[in-house]
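# Coordinate analysis (summary)
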Amino acid sequence: MKIAMLARNANLYSHVRLKEAAEARGHQLDVLNTLRCTVHIASHRPQVFYNGEPASGYDAVIPRIGASITNYGLAILRQFEMRGCWPLNESVAIGRSRDKLRSMQILAKHGLGLPLTAFAHDPKQTEEIIRAVKGPPVVIKLLEGTQGIGVVLAETMSSAKSVIEAFRGANVNILVQEFIKEAGGTDIRAFVIGGKVVATMKRTGAADDFRSNLHRGGSAELIKITPAERSTAVSAAKRMGLNVCGVDMLRSNHGPVIMEVNSSPGLEGIEEATGKDIAGMIIEFIERSAPGGDTKTKGRG
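Okay, so let's go over this structure.

Rules used throughout
- Residues numbered from 1 in each chain as written.
- Predicted model: local features only at pLDDT ≥ 70, side-chain atom pairs only at ≥ 80, totals over all residues.
- Heavy atoms only, no water.
- Helix = DSSP H or I, 4+ residues; strand = E, 2+ residues; numbered from the N terminus.
- Rg over C-alpha atoms; globule rule 2.2 N^0.38 Å.
- Buried < 20%, exposed > 50% of the residue type's maximum accessible area, 1.4 Å probe, protein only.
- Contact = heavy atoms within 4.5 Å.
- Areas by Shrake-Rupley, 256 points an atom, 1.4 Å probe, with all protein chains shown as cover.
- Core = buried A, V, L, I, M, F, W, Y, C linked by side-chain atoms within 4.5 Å.
- Pairing = 2+ DSSP bridges.
- Axes fitted to C-alpha atoms, helices over the stretch in contact; angles between N-to-C directions.
- Polar contact = N/O pair within 3.5 Å; in protein donor to acceptor, adjacent residues only side chain to side chain.
- 1 Å grid on protein atoms, 1.4 Å probe; cavity = no way out; pocket = protein on both sides within 12 Å on 5 of 7 lines; lining within 4 Å.
- Points joined across faces, edges and corners; volume = space filled by probe spheres on them.
- Nonpolar A, V, L, I, M, F, W, Y, C, P; charged D, E, K, R; others polar.
- Left-handed = near helix turned anticlockwise from the far one by under 90°.

## Observations regarding the overall build of the protein
Along the protein, the regular secondary structure elements total 9 helices and 16 strands. Here the protein has a C-alpha radius of gyration of 20 Å; the compact-globule value for 301 residues is 19 Å, and the two agree. Along the first, second and third principal axes, the C-alpha atoms of the protein reach 55 × 45 × 35 Å. Taking all 301 residues of the protein together, the buried fraction comes to 49%. Contacts in the protein between residues far apart in sequence, at least 24 positions, make up 68% of those at least 6 positions apart. Summed over all atoms, the accessible surface of the protein reaches about 14200 Å², with 48% contributed by carbon and sulfur.

Right, here's the structure in full:
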């Protein structure tokens, strides 16, 4: 197979591993810098060019689109989809996952466990949304933040109001969420491929940080999850429409609650914690799925 991977940095661990795994199984995998791709729009002739040359003949595309270029990356991915190139994750599904509010709305609609979450535009409603999530303390998140960036724990009403008003003053959209104290600064990542949880790890935040992201200095270890946690992860992936994702959950007093569904999960932490060949599993899934060309939207939105 000829596979394209949309990624800005070919040297990241995840991207190196995927290329190695593809080539070890006899495939060609080209890493295309997303920002060097261009879209040529003409009736009945959707084209993608890379460094001025047609990017054609690909059987599948692996989108590893950075959060800072989500809109541009999704436009490129849609063009590949319109050309009949099978996407590991579809553009529509990635767009859902990158919008924290939209993803929460979808998950809540289907009855999946979530922390209490509130969203408002008017700063005058600050106290209302803090009390709606039974705070303080509350967790305040940027709608488009990643890797723990733009996530703040406010422990008092005054500090929560100050942070919310500061974000709103900068015209930044935020969510306010219930603080799950019993999680103790740890979370669970379940790695889902093709509707199955293939690996799990527990992430623990640095000593002075309530966030458990590995990019923020957290650590990871192998963990066995409960049937309820496994079911929650599989359902979350299905409802978001993602073939491959990392589902991040907290253990609360009322069962697993989903914090995020990550459509471009890193491989380094989970491969090191579990010893599993996650990259190889992803390539195997592409081998099984791409020839059928089965997608829901084909770039239609």
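## Topic: the nonpolar core
Core analysis: the largest hydrophobic core is formed by 42 residues, its most contacted members being Leu6, Leu32, Phe80, Leu107, Val247, Ile258 and Val261. Once residues lying within four places of it in the same chain are set aside, the contact partners of Val261 are Ser97, Leu107, Ala236, Met240, Leu242, Cys245, Gly246 and Val247. Ranked by size, the runner-up nonpolar core spans 27 residues in total, among them Leu18, Ala22, Ile62 and Ala279.

## Digging into the sheet that holds strand β15 (residues 244–252)
Within the open sheet, the 5 strands sit side by side as β14-β13-β12-β15-β16. Their pairing is antiparallel. Looking at which strands have only one partner, the edges of the open sheet turn out to be β14 (219–222) and β16 (255–262). Each neighbouring strand pair of the sheet contributes to a mean axis angle of 30°, computed without reference to strand direction. As paired strands, strand β13 (residues 196–204) and β14 are joined by 4 bridges and run antiparallel to one another. Paired with Met201 across the two strands is Leu222, which belongs to β14.

## With respect to the side chain of Ser263
Checked against the element boundaries, Ser263 lands in the loop between β16 and α8 (268–274). Its relative accessible area of 4% is what places Ser263 among the buried residues. At a separation of 3.0 Å, a polar atom in the side chain of Ser263 contacts the side chain of Ser97. Sequence-distant contacts of Ser263, defined by excluding residues within four places in its chain, comprise Asn89, Ile94, Ser97, Arg98, Leu242 and Val244.

## A look at the layout of surface pockets
A water-sized probe rolled over the atoms picks out the places where empty space is left. A volume near 300 Å³ is recorded for the second largest pocket. Within the residue set of the lining of the second largest pocket, elements represented by two or more residues are β7 (86–87) and α7 (227–240). Counting residues per element, the lining of the second largest pocket draws most heavily on α7, which supplies 3 residues. The residue makeup of the lining of the second largest pocket, split by class, is 5 nonpolar, 6 polar and 4 charged.

## Regarding helix α4 (residues 100–109)
Three or more residues of α4 are buried, namely Lys100, Leu101, Ser103, Met104, Ile106 and Leu107. Buried positions along α4 lie against α3 (91–98), β8 (117–118), β9 (138–142), β11 (174–178), α7 and β16. The N-cap residue of α4 is Asp99: its side-chain oxygen and the backbone nitrogen of Leu101 are 3.1 Å apart. A positive phi of about 75° marks Gly111, the residue just after α4.

## Remarks on the packing of α4 against α7
Interaxial distance between α4 and α7 falls to 10 Å at its minimum, and their mutual angle equals 115°. The two elements α4 and α7 cross, and the hand of that crossing is right-handed. Where α4 abuts α7, its residues Ser103, Ile106 and Leu107 lie against Ala236, Arg239 and Met240. Looking at the contact of α4 with α7, its residues break down into 4 nonpolar, 1 polar and 1 charged.

## Quick notes on empty space enclosed by the protein
Scanning the entire structure with this criterion turns up 2 cavities of 30 Å³ or more. As a volume, the largest cavity reaches approximately 60 Å³. Every residue lining the largest cavity is counted, 13 residues in all, and those nearest its centre are Ile62, Arg64, Leu88, Val244 and Ile282. Its residues assigned to classes, the lining of the largest cavity comprises 9 nonpolar, 3 polar and 1 charged.

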